[in-house]
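Single-letter residue listing:
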Amino acid sequence: MTTASEPRSPAPIPPEVAADLARLPRERLPALLRRMPKAELHIHIEGSLEPELIFDLARRNGVALPYPSVEALRAAYAFTDLQSFLDIYYAGASVLLQEQDFFDMAWAYFEKAAADNVVRAEVFFDPQTHTERGVPFETVIRGLHHACQRAHAELGISAQLILCFLRHLSEEDAFDTLEQALPWRKYFIGVGLDSSEVGYPPEKFARVFARCRELGLQVVAHAGEEGPPAYITTALDVLQVQRIDHGVRCLEDAALVQRLAASRMPLTVCPLSNVKLKVFERMADHNLPALLAAGLCATVHSDDPAYFGGYLNQNFIDTFAALPQLGATEAYTLARNSFEASFADERSKAVWTAELDAVLRTLAPSRAPGPNPTQDRVTP
Ligand code: ADE
Ligand code: ZN
């Protein structure tokens, strides 16, 4: 995986792949986006809890909800910023009490991910949201782990968990959570940092991240979503993260962009989230084309798909529909970047890359006729 200091370059696109990309007509871009295998590296599992499941679980567990119906809850999903979303997101998670609830939530997500051709999922979970309410850590992780195992066995998705610390809580609380997690060390591959960003800089968690690195855990952190580029710099320097979640505000600091590009530091970008949380006013204003043009290892993900209007393929479709600068080469690059940025083994990455190349080959017109292009327009 990436470290902050080594200069690295992207794997070059083989000439025959470049030729297929050049031949792919724009009308077939949606088919490529939908069918290409991809890694989902930025999904909060609690953010996949659909309103229907929230109501089912509330009934099952006898939890009273402050909304009279699914429709009323969905109507409340009009966010003004990150905090306005987090308030509803934490309230939604209050229906999760039993191991079966965590399994059901994660399994529902994996079924959707499989339909989007996700081959690898590195899934965030927020244990403090649950342990704070008296739900044992064991209940959370057993349910999620069981769903990951079944996703692999039945859907062919390689799925792993990443434990996120809530940055609005103290470092002491994070240490306490790590303590509760350690008996389950084999059930998660890394740690992350999420929740309210502004006012909670990465360096607040320097010691707990140092301990996690000593334990051999992978380390990632949200930075530069709403917070300034300086938070990206301290996530790199102090937390020594291997990926930056979001990171879109890096473009405000040219030296930082150079550093991120030279080290191939992945930025897990979530376009629908950024528009819903007003990081960008419209999808047409999103800086994904600029991130890619700057040579950054950007990837596309869904963040909290139940709240932001769509899962992984919807993120790709809506982003490419709004940004005509993005074409087949960028689609391919984003899929390749997602494998490169993942914590999977190199053999799996090579298999997924070969599958990606095969999908592209079947869509490139001179090698195979493919589907009727008029059915494949990029429409949101
Ligand atoms: N937790 C869930 N979604 C988040 C986001 N987009 N940013 C920070 N914390 C989160
Ligand atoms: Zn996130």
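Look a little higher up for the structure.
Residues numbered from 1 in each chain as written. Chains lettered and ligands numbered in written order. Predicted model: local features only at pLDDT ≥ 70, side-chain atom pairs only at ≥ 80, totals over all residues. Heavy atoms only, no water.

Q: Explain the coordination of the zinc ion (ligand 2) to me, using residue names and the numbers behind them.
A: The zinc ion (ligand 2) binds to the protein through His42 (NE2), His44 (NE2), His222 (NE2) and Asp303 (OD); the donor distances cover 2.0 to 2.2 Å. Its 4 donor atoms give the zinc ion (ligand 2) angles of 83 to 173° at the centre, a pattern that matches the irregular case. The sequence pattern formed by the donor residues of the zinc ion (ligand 2) is H-x1-H-x177-H-x80-D. (Donors = N, O, S within 2.8 Å, 3.2 Å for Na, K, Ca; no water. Tetrahedral: all angles 85-135°; square planar, octahedral: opposite > 155°, others 65-115°.)

Q: Let's hear about the pattern of salt bridges: which residues, and what values?
A: This structure, assessed with the given rule, holds 17 salt bridges. Salt bridges linked by common partners bring Glu50, Glu52 and Arg74 together as one network. (Salt bridge = Lys/Arg side-chain N within 4 Å of Asp/Glu carboxyl O.)

Q: I'd like a description of the packing of aromatic side chains, backed by residues and values.
A: In this structure the tally under the stated criterion is 17 aromatic pairs. An angle of 55° between the planes, with centres 5.4 Å apart, marks the rings of Tyr109 and Phe110 as tilted. As far as the burial class goes, Tyr109 and Phe110 line up, both buried. A connected cluster of aromatic rings, assembled from ring pairs, spans Tyr77, Phe79, Phe85, Tyr89, Tyr90, Tyr307 and Phe308. The ring of Trp107 carries the charged tip of Arg150 above its face, separated from the ring centre by 4.2 Å. (Phe/Tyr/Trp six-rings, centres within 6.5 Å; stacked < 30°, edge-to-face > 60°. Buried < 20%, exposed > 50% of the residue type's maximum accessible area, 1.4 Å probe, protein only. Lys NZ or Arg CZ within 6 Å of the ring centre and 35° of its normal.)

Q: Explain the site of ligand 1 residue by residue, including any values.
A: Taken together, His44, Leu82, Phe85, Leu86, Tyr89, Asp194, Ser195, His222, Glu225, His246, Asp303 and Asp304 are the residues near ligand 1. At 2.8 Å from a nitrogen atom of ligand 1 is found a side-chain nitrogen or oxygen belonging to Glu225. Interatomic distance of 2.7 Å between a side-chain N/O atom of Asp303 and a nitrogen atom of ligand 1. For ligand 1, the protein covers 100% of the area, taking 260 Å² as the surface of the free molecule. Counting atoms within 2 Å of the grid points, the majority share of ligand 1 lands in the largest cavity. Ranked by the residues each element gives to the shell around ligand 1, the list is headed by helix α5 (residues 82-92), at 4 residues. Classifying every residue of the shell around ligand 1 gives 4 nonpolar, 4 polar and 4 charged. (Near = heavy atom within 4 Å. Polar contact = N/O pair within 3.5 Å; in protein donor to acceptor, adjacent residues only side chain to side chain. Areas by Shrake-Rupley, 256 points an atom, 1.4 Å probe, with all protein chains shown as cover. 1 Å grid on protein atoms, 1.4 Å probe; cavity = no way out; pocket = protein on both sides within 12 Å on 5 of 7 lines; lining within 4 Å. Sits in = over half its atoms within 2 Å of the grid points. Helix = DSSP H or I, 4+ residues; strand = E, 2+ residues; numbered from the N terminus. Nonpolar A, V, L, I, M, F, W, Y, C, P; charged D, E, K, R; others polar.)

Q: Can you break down the packing of helix α6 (residues 99-115) against helix α8 (residues 137-155) residue by residue, with the values?
A: In a packed pair of helices, the relevant descriptors are the angle between the two axes and the axis-to-axis distance. Viewed as axis vectors pointing N to C, α6 and α8 meet at an angle of 30°, and their least axial separation amounts to 7 Å. Accordingly, the angle class assigned to the pair α6 and α8 is roughly parallel. As α6 runs across α8, the sense of the crossing is right-handed. Facing α6, whose interface residues are Glu99, Phe102, Phe103, Met105, Ala106, Trp107, Phe110, Glu111 and Ala114, α8 presents Thr139, Val140, Arg142, Gly143, Leu144, His146, Ala147, Cys148, Arg150, Ala151, Glu154 and Leu155. (Axes fitted to C-alpha atoms, helices over the stretch in contact; angles between N-to-C directions. Parallel < 35°, antiparallel > 145°, perpendicular 65-115°, else oblique. Left-handed = near helix turned anticlockwise from the far one by under 90°. Contact = heavy atoms within 4.5 Å.)

Q: Give me α5: which residues, what numbers.
A: Extensive coverage of α5 is indicated by the burial of 8 of its 11 residues. Looking at α5, one finds that the buried residues are Leu82, Ser84, Phe85, Leu86, Ile88, Tyr89, Tyr90 and Gly92. Each element contacted by the buried residues of α5 is listed here: β1 (38-44), α3 (51-61), α7 (127-131), β3 (158-166) and α15 (305-308).

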